[in-house]
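# Tertiary structure, described
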Amino acid sequence: MPGRRRGADGAVPAGRPDDTRLVDRFGRVATDLRVSLTDRCNLRCSYCMPEEGLDWMTDDRLLSDDEIVRLITLAVTRLGVEEVRFTGGEPLLRKGLETIVAATTALRTHAGEVPQTALTTNGLGLERRAKALADAGLHRLNVSLDSLDRARFARITKRDRLPDVLTGLQAAAAAGLSPVKVNTVLLRGVNDDEAVPLLTWALEHGYELRFIEQMPLDPQGAWDREGMVTAEEILTALQTAYRLTPTGSAARGAAPAETWVVENPPAGAPAGARAPRVGVVASVTRPFCGDCDRTRLTADGQVRNCLFARGETDLRALLRGGAGDDEIAAVWRGDMWAKEAGHGIDDPSFLQPDRPMSAIGG
Ligand code: SAM
Ligand code: SF4
Ligand code: SF4
């Protein structure tokens, strides 16, 4: 279990308890909340989960739909959160997802706007749920897909489900959840020859592809820097087939992906509202921690101020202990105040977090 816990005893660490936002010691303000809805998954991507699965959280540890909505409401209406992304594990395994999305889009931010909502999913079951998610007001969608080769997809994920992911993607586009983004992790010697074919396929279908550098978050502890396919390598591969123009750092802001306009898309690519582009999330080789605007809520009610945080704050205990909104908000602000400057992967003393990615929420 994580080494450091705050808040379970109701203690508020020194911080900025009077602020109406989530501010840290380095002046960053968290406006983007990532909510993990479950630690379970129906795939077993090799870089994320062992084939036998993990020790899943028991039902009593999981927040109920009402508890999740209460914490999202508090984050949006009292702590300045403007965007909520639902993730997991696999968020489509959560029956109440549409209800939670609808409750979120019914809120208003400090600026009186509808909070932006997004979903990161492996796409299984999306075919049946895309329309209901769009009706609930979902704004954006990322579907993860690492290979277009069925046998290879099955080797990476341990499940022969590529056709279902592709159908899910089509259903999302048909439901108007566009632009549909596709997330890809390239693994050396496994699918690193698919950078160009994946981009060609994405451009032809009107999907926006983003490559994500593999991070040390696998429970097997198998990550190593040499094995990781870097952003540089990915760009070099893409440029063998495509002319890429950077959209510029100003366009990146706090967004993790650096993006490029593809100047020579394939002939059959649909004409979209904006020029086709591709993104690379260089979390390891070009970290963007200085602009980080995130706070995370795990499916068992722990707040984490960073993917790589070594500690977390127990909001579930506060919720179930009858704490009021003021108290919970103050504890959440205290958690954010304690955020480190960055992930420190390059630091010799770096330690992987105790939770794997699937239990944190990517
Ligand atoms: N199950 C959903 C999915 O796969 O989209 C949501 C959760 S998953 C943890 C979120 C994203 O994290 C996916 O795009 C996945 O590829 C990415 N991911 C998982 N483990 C990773 C790792 N070790 N390094 C980089 N990205 C990772
Ligand atoms: Fe499941 Fe997503 Fe992890 Fe793959 S990356 S095992 S789909 S949680
Ligand atoms: Fe933010 Fe932590 Fe990710 Fe850096 S590693 S961008 S600080 S969540």
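Description of the structure in this document. (Residues numbered from 1 in each chain as written. Chains lettered and ligands numbered in written order. Predicted model: local features only at pLDDT ≥ 70, side-chain atom pairs only at ≥ 80, totals over all residues. Heavy atoms only, no water.)

## Description of the nonpolar core
- Leu33, Val35, Ile72, Phe86, Leu169, Val278 and Trp332 are the most contacted members of the largest nonpolar core, which has 98 residues in total.
- Among residues more than four places away in sequence, those in contact with isoleucine 72 are Leu33, Val35, Val84, Phe86, Ile100, Thr104 and Leu107. (Core = buried A, V, L, I, M, F, W, Y, C linked by side-chain atoms within 4.5 Å. Buried < 20%, exposed > 50% of the residue type's maximum accessible area, 1.4 Å probe, protein only. Contact = heavy atoms within 4.5 Å.)

## Some details on the site of ligand 1
- If you check the shell around ligand 1, you find 17 residues, and the closest are Tyr47, Gly89, Glu90, Ser144 and Met215.
- At a separation of 2.6 Å, an oxygen atom of ligand 1 approaches a polar side-chain atom of serine 144.
- Taking methionine 215, its main chain carries an N or O atom lying 2.8 Å from a nitrogen atom of ligand 1.
- Relative to its unbound accessible area of 540 Å², ligand 1 is 95% covered by the protein chains. (Near = heavy atom within 4 Å. Polar contact = N/O pair within 3.5 Å; in protein donor to acceptor, adjacent residues only side chain to side chain. Areas by Shrake-Rupley, 256 points an atom, 1.4 Å probe, with all protein chains shown as cover.)

## What about the layout of surface pockets?
- One number sums up the size of the second largest pocket: a volume of about 380 Å³.
- As for the second largest pocket, its lining consists of 20 residues, and the residues nearest its centre are Gly206, Tyr207, Pro270, Gly272 and Arg274.
- Top element by residues in the lining of the second largest pocket is helix 6 (residues 195-205). It accounts for three residues.
- Classifying every residue of the lining of the second largest pocket by side-chain character gives 13 nonpolar, four polar and three charged. (1 Å grid on protein atoms, 1.4 Å probe; cavity = no way out; pocket = protein on both sides within 12 Å on 5 of 7 lines; lining within 4 Å. Points joined across faces, edges and corners; volume = space filled by probe spheres on them. Helix = DSSP H or I, 4+ residues; strand = E, 2+ residues; numbered from the N terminus. Nonpolar A, V, L, I, M, F, W, Y, C, P; charged D, E, K, R; others polar.)

## Re the site of ligand 2
- Around ligand 2 sit Cys41, Leu43, Cys45, Cys48, Gly89 and Asn122, and that is every residue in its neighbourhood.
- Grouping the constituent residues of the shell around ligand 2 by class yields four nonpolar, two polar and no charged.

## Observations concerning the packing of helix 1 (residues 65-78) against helix 10 (residues 325-337)
- Packing of helix 1 against helix 10 leaves a shortest axis separation of 11 Å and a crossing angle of 75°. One finds that helix 1 runs roughly perpendicular with respect to helix 10. Contact with helix 1, carried on its side by Arg70, Leu71, Leu74, Ala75 and Arg78, involves Asp325, Asp326, Ile328, Ala329 and Trp332 of helix 10 and no other residues of that element.
- For the contact of helix 1 with helix 10, the class distribution of residues is six nonpolar, no polar and four charged. (Axes fitted to C-alpha atoms, helices over the stretch in contact; angles between N-to-C directions. Parallel < 35°, antiparallel > 145°, perpendicular 65-115°, else oblique.)

## What to know about unusual backbone geometry
- The amide bond that connects serine 178 to the next residue, proline 179, takes the cis arrangement and shows omega of 5°.
- Tracing the backbone shows proline 179 in the loop between helix 5 (162-174) and strand 8 (180-184).
- You will see that lysine 158, though not glycine, has its phi angle at about 65°, which is positive.
- Within the secondary structure, lysine 158 is located in the loop between helix 4 (150-157) and helix 5.

## Let's talk about helix 7 (residues 231-238)
- All of the buried residues in helix 7 are Ala231, Ile234, Leu235 and Leu238. Buried residues of helix 7, seen end-on, are gathered within an arc of 95° and therefore sit on one face of the element. (Arc of directions from axis to C-beta.)

## A few points about the environment of asparagine 191
- As for its placement among the helices and strands, asparagine 191 is situated in the loop between strand 8 and helix 6.
- Placed 134 residues apart in sequence, asparagine 191 and methionine 57 show a C-alpha to C-alpha distance of 31 Å.
- For asparagine 191, the contacting residues outside a window of four places in its chain are Asp146, Arg152, Ile156, Val185 and Leu186.
- Polar contacts involving the side chain of asparagine 191 include one to the main-chain carbonyl oxygen of aspartate 146, which spans 2.8 Å.
- Here leucine 187 takes part through its backbone nitrogen, which lies 2.6 Å from a polar atom of the side chain of asparagine 191.

## Notes on the pattern of salt bridges
- All told, the structure shown has 25 salt bridges when counted by the stated rule.
- Arginine 161 is the partner of aspartate 164 in a salt bridge, and the nearest nitrogen-oxygen pair spans 2.6 Å.
- Given a relative accessible area of 32%, aspartate 164 falls into the partly exposed group.
- Between arginine 225 and aspartate 346 there is a salt bridge whose closest N-O contact spans 2.3 Å. Residue arginine 225 is located in the loop between strand 9 (208-212) and helix 7, and its partner aspartate 346 is located in the loop between helix 10 and helix 11 (357-360); the two are separated by 121 residues in the primary sequence.
- With a relative accessible area of 33%, arginine 225 lands in the partly exposed category.
- With relative accessibility at 55%, the residue aspartate 346 sits in the exposed group.
- The network of salt bridges with shared partners includes Arg61, Asp300, Arg304, Glu312 and Arg355. (Salt bridge = Lys/Arg side-chain N within 4 Å of Asp/Glu carboxyl O.)

## Regarding helix 4
- Among the residues of helix 4, Arg152, Phe153, Ile156 and Thr157 are the ones counted as buried. One side of helix 4 holds all its buried residues, which, seen down the axis, span an arc of 120°.
- Buried positions along helix 4 lie against helix 5.
- Regarding helix 4, its N-cap is aspartate 149, as a side-chain oxygen of that residue lies 3.2 Å from the backbone nitrogen of alanine 151 further along.
- Of the residues flanking the end of helix 4, it is lysine 158, one or two places downstream, whose phi is positive at about 65°.

## Focus: empty space enclosed by the protein
- Considering all chains together, one arrives at one cavity of 30 Å³ or more under this definition.
- There is about 60 Å³ of room inside the largest cavity.
- For the lining of the largest cavity, the element with the highest residue contribution is helix 4, accounting for three residues.
- Its residues placed into classes, the lining of the largest cavity shows six nonpolar, two polar and one charged.

## Notes on the side chain of arginine 294
- Structurally, arginine 294 can be placed in strand 13 (residues 294-297).
- Excluding residues that lie within four positions of it along the chain, arginine 294 makes contacts with Ala30, Asp32, Arg34, Pro256, Asn305, Met336 and Lys339.

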